Amino acid sequence: MPWGPMARLVARRALLAVPVLLVVTFGVFAIAAASPFDPVRAYAGTAALGADQETLDRLRENLGVDRPFTARWWDWLTFALGGDFGQSSVMRQPVAEVIGERLVWSTLLCAVAFALAVLLGTLLGVLAARRPGSLVDRTVTSLAYALEAAPVFWIALLAVWVFALKLDVLPAGGLTDTGSDHVSAGQVASHLILPAGVLAVSQLPWFTLYVRQGVGDALAEDPVRGARARGIGERTVLLGHALRSGLLPVLTLIGSRVPELITGALLVETVFSWPGIAAATVEAATAVDFPLLAALTTLATAAVLAGNLLADLLYGLIDPRVKLSEM
């Protein structure tokens, strides 16, 4: 295994990620500073309605939002490099605690949904590619194109209406049953089915279509046709030759789907009241919570960069024609 080229690729990408993250965090503070939302009034809540200007100015000074956004960004950055991401004004707790409490549930949701999308997309894509133009192929591709055009929040609301309201077989939202005073694996699993299924369905069309195209092209290549002519079984031809070659384009898709997965997860978490980072992101944006907003945006950016790196590493490991040293 080419550990040396892999390590050098990871190191190069890590160095390139530094300026990207700096620009992203600076942009967050700049956009938040230009936002029409007032962080002081968001922090004070209803108490701000009857407060005089002097009180609001004093609170603005205590929160540090009266300073230029460049100074606030630099202070946040220097403290963040030391592991201190600041205090969330809207959550009234350290940013690290806010993210730590919610990240595990967002990660669980995204991991389960992504695994389902890849597995189901591969299965459906292979079934469609085996017989181009057949009823299965037309059905799968038509369904994929229809789902590709459907907004994820519409799919989520439809799923709630069908499975929670009409059939009453799955909970409509939350992490545990109403009135439950503890979190159990069984409750989490039952509450995870709908949001993870919806998020998987929103990602499914791209994997299905990519696998169908890749495997279909591989089945039409001369080596595969030669294997069939020699009497090699269809299953061996499909799994041993066509599938390996046809899945290569899917590896590049993994990295490119990470931003869409994060965006979809935010919408799905909101619809199903899933206790992930979606609620924290929305509240941080509307309340112009600089430290929390910057930390969440940095986390999302790092996830996108990591997804692209993972796709390149997998592609380089599986395809011998690709040299990791040239990436």
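Every chain's residues receive numbers from 1 upward, in the order its sequence appears when written. With pLDDT at 70 or above as the cut-off, local features in this predicted model cover only qualifying residues; side-chain atom pairs require 80 or more to be listed or tallied, and sums for whole chains, interfaces and linings still use all residues. To obtain the side-chain values, all non-hydrogen atoms of the structure were used and water was disregarded.

## Overview of the overall build of the protein chain
Quick reminder of the rule: Numbered from the N terminus, helices here are DSSP runs of H or I no shorter than four residues, and strands are runs of E no shorter than two. Residue burial is assigned from relative accessible area. The probe radius is 1.4 Å, only protein chains are included, and a residue is buried under 20% of its type maximum, exposed over 50%, and partly exposed in between. We call two residues in contact when some of their heavy atoms are within 4.5 Å. Here the accessible surface of atoms and residues is derived via Shrake-Rupley with a 1.4 Å probe, and residues count as covered only by protein chains that are part of the display.
Within the protein chain, the regular secondary structure consists of 13 helices and two strands. When the 327 residues of the protein chain are sorted by exposure, 37% land in the buried category. Taking all contacts inside the protein chain whose residues are at least 6 apart in sequence as the whole, residues at least 24 apart take part in 74%. Here the protein chain displays about 17400 Å² of accessible surface, and carbon together with sulfur accounts for 66% of that area.

## Considerations on the pattern of salt bridges
Condition: For this analysis, a salt bridge means a side-chain nitrogen from Lys or Arg found within 4 Å of a carboxyl oxygen belonging to Asp or Glu.
Inspection of the entire model under this criterion finds two salt bridges. Between Glu 101 and Arg 102 there is a salt bridge, with the nearest N and O atoms lying 3.4 Å from each other. With a relative accessible area of 17%, Arg 102 lands in the buried category. Linking Asp 137 and Arg 212 is a salt bridge whose minimum nitrogen-to-oxygen distance equals 2.6 Å.

## With respect to the nonpolar core
The criterion, for reference: Throughout this description, the term nonpolar core refers to a set of buried Ala, Val, Leu, Ile, Met, Phe, Trp, Tyr and Cys residues connected via side-chain atoms within 4.5 Å.
The biggest cluster of nonpolar side chains holds 39 residues, and the ones touching the most others in it are Leu 109, Val 198, Leu 199, Phe 207, Val 215, Val 268 and Phe 272. When residues of this core are traced back to their parent elements, those giving at least two are helix 5 (95-130), helix 7 (152-166), helix 8 (185-219), helix 10 (234-246) and helix 11 (248-272). Ranked by residue count, the leading element in this core is helix 8, at eleven residues. Among residues more than four places away in sequence, those in contact with Leu 199 are Leu 109, Cys 110, Ala 113, Leu 261, Gly 264, Ala 265 and Val 268. Of all hydrophobic cores here, the second largest spans 21 residues; its members include Ile 99, Val 288, Phe 290 and Leu 292.

## So, the side chain of Asp 137
Looking at the secondary structure, you find Asp 137 in helix 6 (residues 135-149). Excluding residues within four positions of it along the chain, Asp 137 makes contact with Ala 128, Arg 131, Pro 132 and Arg 212.

## What about the environment of Val 28?
Take Val 28: it is sitting in helix 1 (residues 3-33). The class of Val 28 is buried, set by a relative accessible area of 10%.

## Considerations on the side chain of Glu 269
The line we're drawing: When charges are counted, neither His nor the chain ends are considered; positive counts come from Lys and Arg and negative counts from Asp and Glu. As used in this structure description, the phrase polar contact means that two N or O atoms lie within 3.5 Å; if the pair is within protein, one of them must be able to donate a hydrogen and the other to accept it, and residues adjacent in sequence are counted only when both atoms belong to side chains.
With respect to the helices, strands and loops of the structure, Glu 269 is situated in helix 11. Arg 102 provides the closest opposite charge to the buried, unpaired Glu 269, separated from it by 8.1 Å. Here Ile 277 takes part through its backbone nitrogen, which lies 3.2 Å from a polar atom of the side chain of Glu 269. The contact partners of Glu 269, leaving out residues within four places of it in the chain, are Ser 106, Leu 109, Trp 274, Gly 276, Ile 277 and Ala 278.

## Description of the packing of helix 6 against helix 8
Rule in force here: Note on definitions: angles span 0 to 180 degrees between N-to-C directions of axes, and those axes are lines fitted to C-alpha atoms, for helices only across the stretch in contact. Angle categories: roughly parallel below 35 degrees, roughly antiparallel above 145, roughly perpendicular from 65 to 115, and oblique for all the rest. Two helices cross in a left-handed way if the nearer one is turned anticlockwise from the farther one by less than a right angle. They cross in a right-handed way if the turn is clockwise. Under the grouping applied here, Gly and all other residues not named as nonpolar or charged are polar, the nonpolar ones being Ala, Val, Leu, Ile, Met, Phe, Trp, Tyr, Cys and Pro and the charged ones Asp, Glu, Lys and Arg.
Two numbers describe how helix 6 lies on helix 8: the axes approach to 8 Å, and their chain directions differ by 135°. The pairing of helix 6 with helix 8 is recorded here as oblique in orientation. Taken as a pair, helix 6 and helix 8 cross one another with a handedness that is left-handed. Counting all contacts with helix 6, which are made through Asp 137, Val 140, Thr 141, Ala 144, Tyr 145, Leu 147 and Glu 148, the residues of helix 8 involved are Val 201, Pro 205, Trp 206, Thr 208, Leu 209 and Arg 212. Each residue belonging to the contact of helix 6 with helix 8 can be placed in one class, and the counts come to eight nonpolar, two polar and three charged.

## Quick notes on helix 12 (residues 277-286)
The cut-off we apply is this: Think of the arc as the fan of directions from the helix axis to the C-beta atoms.
Every buried residue of helix 12 is listed here: Ile 277, Ala 278, Ala 280 and Ala 284. On an axial view of helix 12, the arc spanned by its buried residues comes to 165°, and they lie on one face. Phi turns positive one or two residues past the end of helix 12, at Val 288, with a value near 50°.

## Quick look at the packing of aromatic side chains
Aromatic ring pairs are described here by two measures, namely the spacing of the ring centres and the angle between the planes. Our working rule: We call Phe, Tyr and Trp rings a pair once their centres come within 6.5 Å, taking the six-membered ring for Trp, and we label the pair stacked below 30 degrees between planes, edge-to-face above 60, and tilted otherwise.
Inspection of every chain in the model, using the stated rule, returns six aromatic pairs. Ring centres 6.4 Å apart and planes at 90° place the aromatic pair Trp 105 and Trp 274 in the edge-to-face group. You can see Trp 105 sitting in helix 5 and its partner Trp 274 sitting in the loop between helix 11 and helix 12, a full 169 residues away along the chain. Overall, the relative accessible area of 2% leaves Trp 274 in the buried class. Three or more aromatic residues link up through ring pairs in this structure, and these residues are Phe 26, Trp 73 and Trp 74.

## A few points about unusual backbone geometry
The phi torsion at Asp 168 lies on the positive side, around 55°, for a residue other than glycine. Structurally, Asp 168 is set in the loop between helix 7 and helix 8. Even without glycine at this site, Ser 273 takes up a positive phi of about 50°. Assignment of secondary structure puts Ser 273 in the loop between helix 11 and helix 12. With relative accessibility at 52%, the residue Ser 273 sits in the exposed group.

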